[in-house]
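Remarks on the overall topology
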Amino acid sequence: EPRLYHCIPAWATERDSVSKKEGSNQCDYEIMTDRLASFLGLSMHYIKHIDQEELLFLCETIYHANGSIRGKNAIDDIRFQKVEQIYQKYERPFKEFYLPVGCIGASYLHVLRSECKNIVRWIVKIEKEKQVDKKIYDLFNLLANLFFYMALYENEQEGFEEKVFVSKSYEVVL
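Presented here is a report on the structure given in the accompanying data block. Everything numeric in this text was worked out from a predicted model, so none of it was measured.

**Focus on the side chain of S167**
With respect to the secondary-structure elements, S167 resides in the segment after β2 (164-165). At a separation of 3.0 Å, a polar atom in the side chain of S167 contacts the main-chain amide nitrogen of S169. Only 3.1 Å separates the side chain of S167 from the backbone nitrogen of Y170, close enough to count as a polar contact.

**Some points on helix α2 (residues 25-43)**
The α-helix winds at 3.6 residues per turn, so residues separated by three or four positions along the chain end up facing the same way. End to end, α2 covers 26 Å across 19 residues, agreeing with the expected 27 Å (1.5 Å per residue, within 8%). Those residues of α2 not exposed but buried are N25, Q26, C27, D28, Y29, E30, M32, T33, L36, A37, L40 and S43.

**Observations regarding the nonpolar core**
Buried together is how nonpolar side chains tend to be arranged in soluble globular proteins. Among the nonpolar cores identified, the biggest contains 45 residues, and L58, F140, L143 and M150 are the most heavily contacted of them. Among the secondary structure elements, those contributing two or more residues to this core are α2, α3 (52-66), α4 (77-90), α5 (104-126) and α6 (134-157). Counting residues per element, this core draws most heavily on α6, which supplies 13 residues. Among all residues touching L143, those that are not within four sequence positions of it are L58, I62, V83 and C116.

**Regarding the packing of aromatic side chains**
Summed over all chains, the structure comprises 8 aromatic pairs. With centroids separated by 6.3 Å and ring planes inclined at 50°, the aromatic side chains of F94 and Y98 adopt a geometry described as tilted. Using a relative accessible area of 28% as the deciding quantity, one classes F94 as partly exposed. When the ring centre of F57 is taken as origin, the NZ or CZ atom of K82, which lies over that ring, is 4.4 Å away. Just above the ring of W122 sits the side chain of K125; from NZ or CZ to the centre is 3.9 Å.

**What to know about the packing of α2 against α6**
α6 packs onto α2 with a crossing angle of 30° between their chain directions and a minimal axis gap of 14 Å. Overall, the two elements α2 and α6 adopt an arrangement that is roughly parallel. Crossing handedness for the pair α2 and α6: left-handed. Along the contact surface, α2 presents Y29, T33, L36 and L40, while α6 presents I136, F140 and F147. Its residues assigned to classes, the contact of α2 with α6 comprises 6 nonpolar, 1 polar and no charged.

**A closer look at α3**
Between the first and last C-alpha of α3 there are 21 Å, a value that for 15 residues agrees with the 21 Å anticipated at 1.5 Å per step. Buried positions along α3 lie against α2, α4 and α6. Where α3 starts, the residue carrying a side-chain oxygen 2.7 Å from the main-chain nitrogen of E53 turns out to be D51.

**Regarding a nonpolar patch on the surface**
Residues F97, L99, V101 and F165 make up a contiguous nonpolar surface patch of roughly 310 Å² in combined accessible area. Take L99: it is sitting in the loop between β1 (97-98) and α5. On the basis of relative accessible area, L99 is assigned to the partly exposed category, the value being 33%.

Conventions we followed
Residues numbered from 1 in each chain as written. Predicted model: local features only at pLDDT ≥ 70, side-chain atom pairs only at ≥ 80, totals over all residues. Heavy atoms only, no water. Helix = DSSP H or I, 4+ residues; strand = E, 2+ residues; numbered from the N terminus. Polar contact = N/O pair within 3.5 Å; in protein donor to acceptor, adjacent residues only side chain to side chain. Expected span 1.5 Å × (residues − 1). Buried < 20%, exposed > 50% of the residue type's maximum accessible area, 1.4 Å probe, protein only. Core = buried A, V, L, I, M, F, W, Y, C linked by side-chain atoms within 4.5 Å. Contact = heavy atoms within 4.5 Å. Phe/Tyr/Trp six-rings, centres within 6.5 Å; stacked < 30°, edge-to-face > 60°. Lys NZ or Arg CZ within 6 Å of the ring centre and 35° of its normal. Axes fitted to C-alpha atoms, helices over the stretch in contact; angles between N-to-C directions. Parallel < 35°, antiparallel > 145°, perpendicular 65-115°, else oblique. Left-handed = near helix turned anticlockwise from the far one by under 90°. Nonpolar A, V, L, I, M, F, W, Y, C, P; charged D, E, K, R; others polar. Patch = residues over 30% accessible without salt bridge, like charges linked within 9 Å, V, L, I, M, F, W, Y side chains within 5 Å. Areas by Shrake-Rupley, 256 points an atom, 1.4 Å probe, with all protein chains shown as cover. Salt bridge = Lys/Arg side-chain N within 4 Å of Asp/Glu carboxyl O.

Everything listed is a geometric property; what it means functionally is a separate question.
Listed below in structure tokens is the structure:
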């Protein structure tokens, strides 16, 4: 019989073997990657200085990664290398920590960065259930850093000066 829902939340009662699969951390990961792709789609309306085709490619890549743990890994070397090329385009030196503030586009990019870090934590949880291809883990770490650099670039293009953050909790050496 057809199913009209994607996943049962991890906290739901597991009634049968299908529910057990949908109640796993893998389902939560898929929800988080869907959320990331959706936030990126929304963000594209506010990001002025990043190539829209690059953002669309990243959105598609996130959706490919969505099913790549439960199903076949769709993140091949060519796709990963293209993400690395986009990363290299926006990478810039920095010597301090910055607050996640700035123009609207950069602010959205900081949210995307944070969401990627959350996904990395879900991958660590999933690795307790099953082996995960390292490329998926590396992809979301790379995306977190890429969205950070894109935020710096977007702020730079908008003439926004980054606001330095000095931690009172940690001695930070960059």
